[in-house]
Amino acid sequence: MMKTDVVIVGAGAVGCAIARELSKYKLDVIVVEKKEDVGGDASKSNSAIIHTGYDAAPGTLESQLVVAANPMYDALCKDLDIPFERIGAILPAITEEQFNSLPAIKEKAMKNRVYDVEFKTKEELLAIEPNLNKEVKGGLYIPRESIIDPFILVQALAENANENGIHFLLNTEVTGIQTGDKCINMVETTAGTIDTTYVINAAALHCDDIAAMVGKADYKIVARKGEFYILDKNTSCKVNKIVLPIPTKVTKGKLMCPTIHGNMLVGPTAEDIDNKVDKSTSKEGLDTIAVDVKKMIPGVALRDTITQYSGLRPNRNPEGLRFDMYDDLKGYINLSGVRSTGLTLCISIAKYVVEQMIEHGMEVSFKDDFISKRKGIPCFRLMTEEEQEEIIKKDSRYGNIVCRCETITEGEIVNAIHRSVGATSMDAVKRRVRAGMGRCQGGFCGPKVIEIIAKELAISPEQVNKNISGSYMVARKAR
Amino acid sequence: MLEMKCDVAIIGGGPAGLSAAVAAKKEGADKVLIIERDNALGGILQQCIHPGFGLNYFKAELTGPEYAGKFAEEAKALGVECILNAMIINMLPVEKSAICVNEEHGVVNIKAGSIVLAMGCRERTRANIVIPGTRPAGVYTAGAAQRLINRQNEMVGEKIVILGSGDIGMIMARRMTLEGAKVVAVIEIMDYLAGLTRNRVQCLDDFGIPLKLSHTITKIVGNERVIGVYVAQVDNKKQPIKETEEYIDCDTVLLSVGLLPENELTKKAGIEVNPITNGPIVNQYMQTASEAVFACGNVVHVNDLVDNVTIESMKAGKYAAQYVMKTRVEAIREVSSITGDNVRYICPQKIVITKENEKVRLYFRVLTPEFNVVITVSSNGVEIAKKKAKRVNPGEIEFIEIDTVKVQGEEVTVSVNKQGGAGLCAKK
């Protein structure tokens, strides 16, 4: 039997951020994740934005955490080598009605202590964003809305936590939780039973299922599907900022923004579905994206799409982000309703959770050898010719370009596989180094990446999966 | 940084690059260097192990590797040099240099007298045509599956649905069948075949594989691996007809939905690209808008037969060599080729007029299939060339030859019309 102090259920943004926060203390922590990789679910399919919280419901825990998290990203991204850019967002008012709603939006931002929201005139907006609808009446500018690589954020948190001694049990599902006298006892998993004092439920979409294991499911998680388009870096119509629609009472609406790698992201839809697995895109959903975004950016060229995907937001019913600890179940911490702002607030909620644990009696002391920095995978494409020359000399595999669309070398792929919490699947490689994320979508590099994973992990190509177990890439040898 | 000097640098060692290299050497270029990203010469032909290549050029039926092998051997015998496992990441057309990356040599600066672009093309993907549904494993472009089976000995699946009746799709239908997989259907959204008729006969009909014209995949199903697809008939606006939707059980979807010239390098270098072909604009010498840069093969426009690639590429190689040796006849002026009735594109897009008459072949594709047509070329309202054809098809490249002395105005227009003048075909 495994023995630990804390079990974190779920290795998404929140689970990994808590793991990293706990890794600063002398504690044994195990993160249990059902999928084959960290950040393999809700944390991977979102709009990749670090929000300011200007539009959160004032006074809520969610608002407090988002507003607190935003300024933390500059230092974090520097420490953990995460691609991050403060590009800012604009909210263009296209109709008279939208224009009239701007003061209320600004007022809400003030209530949330986001004081740097500014009004911009039509001329100013068109100068910032020439592809905006020329009918624009004016709008708001939110300078600290930022873009990030959401995959690397989660990986970096996990890797750094792992460097500092946190264990990750991937491909492992929690099957039950044994409680003792008003306290947590054991966590049963598909990889064995873990004796633990604390269980932190960060299972996002499945947090109600975990809560049910300890009789604390007084809420339901409803998956809200969001469909997106990713456009080619060479698309004819780009935006410089995050272009957000004016929210209506019904929906926050569909946005268009650059990704940290220079693609354009357009979406999402918002549709409540009756299960937690259906990540299919639909013609109807994708068509509504075109209709809505064209109101702001008439020239958006969705024909330049290189992929479409959908993500499931874990929407809580009753609504709202909640943090719960229980007197009658000591050691159990329940996080629920972490929605699209979860990517932003993962780092503040991590601190909040640990503070609450300490306040409620967890005895801890700091590690004196905590490693606060993490170095990312060398990015060949962004190096100078001299740096490229040097790295090829050190490791010739950096001279073998495998993914031609994104200029990704064998050296980077091998690094992604062998680093801490390394990649074991095609998607995990893709999310670490972008091999297969370009315009050919793995048409050329896919077969080569299968070979590299098989070789590096000493498995057969038939054992290489796209992501989770069962998603095999090739069926058998031809002869 | 290592520097390599050559007269003609050829980017890509597939059929286009090899033919260009051979021609450049024969024309008298001293040092001809092929830069190839794969570990062997031959390009995509290495995985095309089926016969059917060289019927026009060699008057013999060869496999892909055999066809490429003939040129690779000839190139070697002529003293063409090559650097394998090397990828060009940057090109400076005016300076006539290119930066390449290679495991053995690191970053290499290649300095040339002229450059020939021969990077070929890539396949359109699921995302390009926006197929809704989940994103499970088991959705492959036909070419990727072909590489896996023919070069890596891996079967991608057992029960296959193929979307698109392009040549690679049909050839893969036969290949998968021969390897013991079941090909359930080939689905084509158009009401006519996308590839060559001979491939339909030899790859589908002979194996009893059903071809569903005017159909498309409306949804891909499966979470880990593909478990099936929904297929529906489409109306005349290519929209699926809901009532006709049916579910087909399968574990693999292969896509053969078109090819796109691979011009990232070309665009990055600022060389003008034609929006219809997606390839650089060239004249009859296969010279791009940047005078020291030539281009040939599928990087210029997607060809139907490799034999045509060879002929076109030999021109590129020959004139790239002449450019370095400064032996080319001086140009007087340049005119444009314009698409008329039922012509999708023409290659070359520019025609150089010199003081000598030249016979120039204008290669083109039609927009819609038609029987008993007359192909005409007019210049300043005067017909300068004309020929008849029994049948034209968007899947097959046609050509018509003109005499440059007959060209009058600033442009020549190619049109394809029904014989007898009646029933004009769809206009652009």
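Residues numbered from 1 in each chain as written. Chains lettered and ligands numbered in written order. Predicted model: local features only at pLDDT ≥ 70, side-chain atom pairs only at ≥ 80, totals over all residues.

A. View of the environment of Cys440(A). With respect to the helices, strands and loops of the structure, Cys440(A) is situated in the loop between helix H12 (426-433) and helix H13 (445-456). Considering only alpha carbons, one finds Cys440(A) and Cys403(A), 37 residues apart in sequence, at a separation of 9.3 Å. Among all residues touching Cys440(A), those that are not within four sequence positions of it are Cys405(A), Arg122(B) and Thr125(B). (Helix = DSSP H or I, 4+ residues; strand = E, 2+ residues; numbered from the N terminus. Contact = placed C-beta atoms within 7 Å.)

B. Looking closely at the confidence of the model for chain B. Taken residue by residue, chain B gives an average pLDDT of 95. The fraction at 70 or more is 98%. Between residues 422-428 of chain B, whose pLDDT stays under 50, and residues either more than four places distant or in other chains, the model counts 16 contacts. (pLDDT = per-residue confidence, 0-100.)

C. Inspection of the domain arrangement of chain B at higher detail. Under the domain assignment, chain B is made up of domain 1 (2-122 + 260-328), domain 2 (125-257) and domain 3 (335-418). Inter-centroid distance (C-alpha atoms) of domain 2 of chain B to domain 3 of chain B is 35 Å. (Domains from an automatic or database assignment.)

D. Representation of the sheet that holds strand S19 (residues 246-249) of chain B in the model. All names here are of chain B. One open sheet accounts for 3 strands, arranged S17-S18-S19; its pairing is antiparallel. In this open sheet, the two strands that pair with only one neighbour each are strand S17 (215-221) and S19. Between one strand axis and the next, the sheet turns by 30° as a mean value, whatever way the strands run. Looking at chain direction, strand S18 (residues 228-233) and S19 are connected through 4 bridges and run antiparallel. Bridged to Gly228 within S19 is Asp249. (Pairing = 2+ DSSP bridges. Axes fitted to C-alpha atoms, helices over the stretch in contact; angles between N-to-C directions.)

E. Structural context of the pairing of strand S2 (residues 6-9) of chain A. Residue and element names in this part refer to chain A. What you see with S2 is no split at all: Val6 and Ile8 on one side and Val7 and Val9 on the other are buried throughout. One ladder, built from 4 bridges, connects S2 with strand S3 (residues 29-32); its direction is parallel. Paired with Val7 across the strands is Ile30, a residue of S3. Once the chain exits S2 it traverses helix H1 (residues 13-22) before rejoining the sheet at S3, and the crossover so formed is right-handed. The sheet contact formed by S2 and strand S14 (residues 198-201) spans 4 bridges and is parallel. Paired with Ile8 across the strands is Ile200, a residue of S14. (Buried ≥ 20, exposed ≤ 12 C-beta atoms within 10 Å, placed from the backbone. Right-handed = clockwise from strand over helix to strand, strands pointing away.)

F. Structural view of the environment of Ile450(A). All names here are of chain A. Summarising the element assignment, Ile450 is placed in helix H13. Along the chain, Ile450 and Tyr326 lie 124 residues apart, while their C-alpha atoms are 47 Å from each other. Ignoring sequence-local partners within four residues, the contact set of Ile450 consists of Pro461, Val464, Met473 and Val474.

G. View of helix H8 (residues 283-296) of chain A. All names here are of chain A. The complete set of buried residues in H8 reads Gly285, Leu286, Ile289, Val293 and Met296. Burial along H8 is one-sided: seen end-on, the buried residues are contained in an arc of 95°. Seen from the open side of H8, the exposed residues pointing more than 90 degrees away from its buried face are Glu284 and Val291. (Arc of directions from axis to C-beta.)

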